[in-house]
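Survey of secondary and tertiary structure
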Amino acid sequence: MNRYLQATKLVDFNHPSIQQLITQQQWHKLNEYEKIRRVYDYVRNSIKFGYNRGDDIPASEVLQDGYGQCNTKSILLMALLRGVGIPCRIHGFYIDKQMQRGALTGTIYLFAPQKIVHAWTEVYFNNEWQALEGVIIDDSYLDRVKDRLCSVNGGYIGFGISVKSKERINLCWQGQSTYVQNFSITEDLGYYDNPDEFFAKYNNTNGFIIKSLFNFLRKRVNKRVGSIRDGKG
C-alpha cells in the first residue's frame, strides 16, 4: 500500500498550506472512517464546484483557489487523504461533454472536446476500493440545479451532473462509493497510482492555444457557476 500513500508533484500534501489545514482540522486524531468522511466533506463543500486553470495543478493550488472540478478536486482529495495516512488512487475515464451543458455555455462549450477527460479518487476502505466521485459537487450548487437536469437516455444530465436518478442523488459518504457524473462515462482509461501519471497521458487542456482560450473564458464560466449557486443564473 505504500505506493498509494506517496507525495508527488501534484499530490503535494507536504506543502505548508495543506499541513496547516490538516493540523487545524485535527484529522490526524480521527479513526479511519472519520478521516475519510470529514476530508471528503471538506473538499466537497468547502471547495466549491468551479473551473481551475488546468487539470494538472498541485493540490495546494486547488486549496488556494477554493474551487475545483472533477480532476482538480480529486487531486486535492488525494493529497488530504494521503496526508492523514489513507491509501488512495486515481481512476480515469472519458465522459460525454453533454453533461457539462448549462455549466459550460457558448464558445467554451463549443470548443470543449466531445470526450472530456474525467477522473475520480478511489479510497481503500473495508478491504475494497471505493469511488469518491460525489466530491465534485457542493450541496449549495446541487440544490440549485437538481430540478433543472435534462432527461437523456434514461438518466439526468446537465450543469456538471450526470446520474441515473435525480431523486436518489446522495453525495454524502457513508462507507460506500458516491457518484455524480458516472452516467456519462464513455470509456474507462484505467487505474493510476497518482494523478501525475494519468494527466501526463490524458489532459483536457493540452496545447498552448486550447489552454490560453480556456483560461480566457473560464472566469466567465466561474462567474456563471457562482450566479447559479446564488440563485441568479
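I will try to describe carefully the structure that is included in this document. (Residues numbered from 1 in each chain as written. Predicted model: local features only at pLDDT ≥ 70, side-chain atom pairs only at ≥ 80, totals over all residues. Heavy atoms only, no water.)

Now for the sheet that holds strand β8 (residues 161-163). Sheet architecture is open: three strands sit in the order β6-β7-β8, paired in antiparallel fashion. Each edge of the open sheet carries a strand with a single partner, namely β6 (150-152) and β8. Averaged over all pairs of adjacent strands, the angle between their axes in this sheet comes to 30 degrees, without regard to strand direction. Pairing of β6 with strand β7 (residues 155-158), which is carried by three bridges, proceeds in the antiparallel orientation. Bridge pairing links S151 to Y156 in β7. (Pairing = 2+ DSSP bridges. Helix = DSSP H or I, 4+ residues; strand = E, 2+ residues; numbered from the N terminus. Axes fitted to C-alpha atoms, helices over the stretch in contact; angles between N-to-C directions.)

Taken together, four strands build an open sheet; the order of strands is β5-β4-β3-β9 and the sheet is antiparallel. Bordering the open sheet on either side are β5 (128-131) and β9 (185-192), each of which pairs with just one other strand. With direction set aside, neighbouring strand axes in the sheet form an average angle of 30 degrees. Note: strand β4 (residues 115-125) against β5, four bridges, orientation antiparallel. Directly across from V123, in β5, lies its bridge partner Q130. Sheet contacts for helix α4 (residues 70-83): β3 (88-96) and β4; angle to β4, the most-contacted strand, approximately 20 degrees. (Contact = heavy atoms within 4.5 Å.)

It is worth spelling out the nonpolar core at this point. Of all hydrophobic cores here, the largest spans 67 residues; its most connected members are W27, L80, L81, I137, Y141 and F198. Broken down by element, this core gets its largest block of residues, eight residues, from α4. Excluding residues within four positions of it along the chain, F198 makes contact with I90, G92, F93, V117, H118, A119, L189 and Y192. (Core = buried A, V, L, I, M, F, W, Y, C linked by side-chain atoms within 4.5 Å. Buried < 20%, exposed > 50% of the residue type's maximum accessible area, 1.4 Å probe, protein only.)

As a further point, take the packing of aromatic side chains. By the definition in use, this model includes 14 aromatic pairs. Taken together, a centroid distance of 5.1 Å and an interplanar angle of 65 degrees make the contact between Y124 and W129 edge-to-face. Each ring, one from F198 and one from F199, has its centre 5.0 Å from the other, and the planes form 65 degrees; the classification is edge-to-face. Considered together, F198 and F199 belong to a single accessibility category, that of buried residues. Through a chain of ring-to-ring contacts, the aromatic side chains of Y94, Y192, F198, F199 and Y202 assemble into a single cluster. Here the guanidinium or amino end of R89 rests over the ring plane of Y191, the centre of that ring lying 4.0 Å away. The residue whose ring lies beneath K115 is Y94, and the NZ or CZ to ring-centre distance is 4.5 Å. (Phe/Tyr/Trp six-rings, centres within 6.5 Å; stacked < 30°, edge-to-face > 60°. Lys NZ or Arg CZ within 6 Å of the ring centre and 35° of its normal.)

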